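Observations on the three-dimensional arrangement
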Amino acid sequence: MKEYESILSENIFIRCHQSYLANTAYIRKYFKDGYLEMTNGDKIPVSDRKRQVVIDYIESIG
């Protein structure tokens, strides 16, 4: 996963969990329970360590 993270643009993809990279164009909503809802309905976990990174990103685009 780390290899993909270094290849993909950090403006488009965000590492929200050890096992997940999320395409920011498809994030519908962030839930304080610790997951992202994607436009296709999938729910992706957000780790405690990455939570602030996700929140900062969402606030920066809002």
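The following refers to the structure shown. Nothing here was measured: the structure is a model prediction, and the numbers come from that model.

Evaluation of the coordinates by the stated rule reveals two salt bridges. One salt bridge connects R28 with E37, and the closest N-O pair in it is separated by 3.2 Å. Residue E37 is classed as buried on the basis of its relative accessible area of 16%. Note that R51 is salt-bridged to D48, the shortest N-O span being 3.2 Å. When its relative accessible area of 24% is taken as the criterion, R51 is described as partly exposed. Judged by its relative accessible area of 64%, D48 falls in the exposed class.

Positionally, S19 belongs in the loop between strand 1 (13-17) and strand 2 (20-23). For the pair S19 and F31, spaced 12 residues apart in the sequence, the C-alpha separation amounts to 18 Å.

It is worth spelling out the sheet that holds strand 3 (residues 27-31) at this point. Sheet architecture is open: three strands sit in the order 3-4-5, paired in antiparallel fashion. Of all strands in the sheet, those bounded by a partner on one side alone are strand 3 and strand 5 (43-45). Sheet twist, expressed as the average angle between the axes of neighbouring strands with direction ignored, equals 25°. Its contacts with the sheet place helix 2 (residues 51-61) against strand 3 and strand 4 (35-38), and it is angled at close to 130° to strand 3.

The space that makes up the largest pocket amounts to roughly 150 Å³. Sorting the residues of the lining of the largest pocket by element identifies helix 1 (2-7) and strand 1 as the ones contributing at least two each. When grouped by side-chain class, the residues that make up the lining of the largest pocket number no nonpolar, three polar and five charged.

A contiguous nonpolar surface patch, about 410 Å² in accessible area, is contributed by M1, Y4, I7 and L8. Structurally, L8 can be placed in the loop between helix 1 and strand 1.

The rules behind the values
- Residues numbered from 1 in each chain as written.
- Predicted model: local features only at pLDDT ≥ 70, side-chain atom pairs only at ≥ 80, totals over all residues.
- Heavy atoms only, no water.
- Salt bridge = Lys/Arg side-chain N within 4 Å of Asp/Glu carboxyl O.
- Buried < 20%, exposed > 50% of the residue type's maximum accessible area, 1.4 Å probe, protein only.
- Helix = DSSP H or I, 4+ residues; strand = E, 2+ residues; numbered from the N terminus.
- Pairing = 2+ DSSP bridges.
- Axes fitted to C-alpha atoms, helices over the stretch in contact; angles between N-to-C directions.
- Contact = heavy atoms within 4.5 Å.
- 1 Å grid on protein atoms, 1.4 Å probe; cavity = no way out; pocket = protein on both sides within 12 Å on 5 of 7 lines; lining within 4 Å.
- Points joined across faces, edges and corners; volume = space filled by probe spheres on them.
- Nonpolar A, V, L, I, M, F, W, Y, C, P; charged D, E, K, R; others polar.
- Patch = residues over 30% accessible without salt bridge, like charges linked within 9 Å, V, L, I, M, F, W, Y side chains within 5 Å.
- Areas by Shrake-Rupley, 256 points an atom, 1.4 Å probe, with all protein chains shown as cover.

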